[in-house]
Amino acid sequence: MAITRKSQAEIAKMRSAGRIVAEVLALVEGAIRPGASTAEINALADRHIREAGGIPSFVGYIGGRRYNPDDPRAYRWASCISIDHEIVHGIPGDRELRSGQVVSVDVGVIWQDWNGDGARSFICGGPEAATPATAGLVEATRLAMMAGIGAARPGNHVGDIGIAVEAIALERGYGVVRGYTGHGIGRDMHEDPAVPNFRTRDRGIRLEPGHCLAIEPMFTLGHEETALMPDRWTVVTVDGSLAAHFEHTIAVTPDGPEILTRV
Ligand code: MF3
Ligand code: CO
């Protein structure tokens, strides 16, 4: 599909969607504590999105660009909650969080037909509850996301984002997940172009004002190879190593990147 440049009015709607995403992530941060279930966290996310006038975009999502809430294969929750060696797309349920776990929460919101998508990894009980290695992984993934965002300016190419993200992983010795990427975003949650978190042979398209992207590095403490669990959603590291995931939706502006998923 063609890569579109969004107008100021369209970006304003994505900013509203993005604000709701950021509010949800701030809200769940306070709820991530030992003993809380992932279903409870998801319920908070779902309720806040709807109260704010948004639609949880993950509900009814099948894959690629396909949506059909009636399809039995469709995702049915407002958020994905992935724990420890789970990288992305973990399904909320009865599981209770434990101190020191890496809890990655991903949420998508549609507001007046426009999308926002964001994620953060939290440590249950706060950074002090984790080993330094775990806290370092989480912090490096966040920094890599910010480095990728910094590369999203007119004149750069989409490939420069992956180069910036991967540089942090190479410098600090983390695995970079290659099987999943960031993406264009707008009227659809997933649009072209793909936004890899690593250097590719092709530099990709040249970034221009109005391009909107979800930049979302996934780092691991071990190998980068992924596997899909039997639930057909949860993506895990094959070697069982811990993973972290951060995501912001951004707009490329003449002055550089604007983060849309913020309060
Ligand atoms: N938000 C994810 C992404 O960053 C996709 C979620 S998949 C879903 O692209 F099934 F949960 F919706
Ligand atoms: Co995304």
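Residues numbered from 1 in each chain as written. Chains lettered and ligands numbered in written order. Predicted model: local features only at pLDDT ≥ 70, side-chain atom pairs only at ≥ 80, totals over all residues. Heavy atoms only, no water.

The next point concerns the nonpolar core. Looking at soluble globular proteins, one finds that nonpolar side chains tend to be buried together. Membership of the largest hydrophobic core comes to 31 residues, with the highest contact counts inside it found for A152, I161, L207, L213, I215, F219 and I250. Counting only elements with at least two residues in this core, the list comes to α3 (132–150), α4 (158–172), β11 (212–215) and β16 (248–253). Look past the residues within four positions of L213 in its chain and what remains in contact with it is I161, H183, G184, I185, P193, V195, L207, H248, T249 and I250. Core analysis: the next-biggest nonpolar cluster, separate from the first, contains 22 residues, L25, I41, I81 and F122 among them. (Core = buried A, V, L, I, M, F, W, Y, C linked by side-chain atoms within 4.5 Å. Buried < 20%, exposed > 50% of the residue type's maximum accessible area, 1.4 Å probe, protein only. Helix = DSSP H or I, 4+ residues; strand = E, 2+ residues; numbered from the N terminus. Contact = heavy atoms within 4.5 Å.)

To continue, consider the sheet that holds strand β13 (residues 226–228). One open sheet holds the 3 strands; their spatial order is β5-β14-β13, and the pairing between them is antiparallel. A strand with exactly one partner marks an edge of an open sheet, and here the two such strands are β5 (86–88) and β13. Sheet twist, expressed as the mean angle between neighbouring strand axes with direction ignored, is 40°. Two strands pair when backbone bridges link them, and β5 and strand β14 (residues 235–237) are joined in this way by 2 bridges, in the antiparallel orientation. (Pairing = 2+ DSSP bridges. Axes fitted to C-alpha atoms, helices over the stretch in contact; angles between N-to-C directions.)

Taken in spatial order, the 3 strands of this open sheet run β8-β12-β15, and their pairing is antiparallel. The outermost strands of the open sheet, each flanked by one partner alone, are β8 (175–176) and β15 (243–245). Where strand β12 (residues 218–220) lies against β15, 3 bridges are found, and the strand directions are antiparallel. Counted as the bridge partner of T220 is A243 from β15.

Looking now at the coordination of the cobalt ion (ligand 2). Protein ligation of the cobalt ion (ligand 2) involves D117 (OD), H183 (NE2), E216 (OE) and E247 (OE), the donor distances falling in the range 2.0 to 2.3 Å. The site at the cobalt ion (ligand 2) holds 6 donor atoms, and with the angles between them running 52 to 173°, its shape is irregular. In the primary structure, the donors to the cobalt ion (ligand 2) are separated according to the pattern D-x65-H-x32-E-x30-E. Of this pair, E216 sits in the loop between β11 and β12 while E247 sits in the loop between β15 and β16; the two residues are 31 residues apart in sequence, bridging distant segments of the chain. Grouping residues by exposure puts E216 and E247 together as buried. (Donors = N, O, S within 2.8 Å, 3.2 Å for Na, K, Ca; no water. Tetrahedral: all angles 85-135°; square planar, octahedral: opposite > 155°, others 65-115°.)

On to the site of ligand 1, then. Ligand 1 sits among F58, Y61, Y75, C80, H89, D106, D117, H183, H190, E216, W233 and E247. H183 has a polar side-chain atom sitting 3.1 Å from an oxygen atom of ligand 1. One of the side-chain N or O atoms of H190 is found 2.6 Å from an oxygen atom in ligand 1. Contact with the protein chains hides 97% of the accessible area of ligand 1, taken as 340 Å² for the molecule alone. (Near = heavy atom within 4 Å. Polar contact = N/O pair within 3.5 Å; in protein donor to acceptor, adjacent residues only side chain to side chain. Areas by Shrake-Rupley, 256 points an atom, 1.4 Å probe, with all protein chains shown as cover.)

To continue, consider the environment of T249. Relative to the helices and strands, T249 resides in strand β16. The class for T249 is buried, based on a relative accessible area of 1%. Sequence separation between T249 and T226 is 23 residues, and the spatial gap between their C-alpha atoms is 24 Å. Every residue in contact with T249, bar those within four places of it in the chain, is listed here: M14, G116, D117, I185, L213, A214, E258, I259, L260 and T261. A distance of 2.7 Å separates the side chain of T249 from the backbone oxygen of D117, its partner in a polar contact.

Another point: the packing of helix α1 (residues 8–31) against helix α2 (residues 38–51). With their axes 9 Å apart at the nearest point, α1 and α2 run at an angle of 150° to one another. Compared by their axis directions, α1 and α2 come out roughly antiparallel. Crossing hand, α1 versus α2: right-handed. Two secondary-structure elements touch here, α1 through I20, E23, V24, L27, V28 and A31 and α2 through I41, L44, A45, H48 and I49. Tallied by class, residues from the contact of α1 with α2 come to 9 nonpolar, 1 polar and 1 charged. (Parallel < 35°, antiparallel > 145°, perpendicular 65-115°, else oblique. Left-handed = near helix turned anticlockwise from the far one by under 90°. Nonpolar A, V, L, I, M, F, W, Y, C, P; charged D, E, K, R; others polar.)

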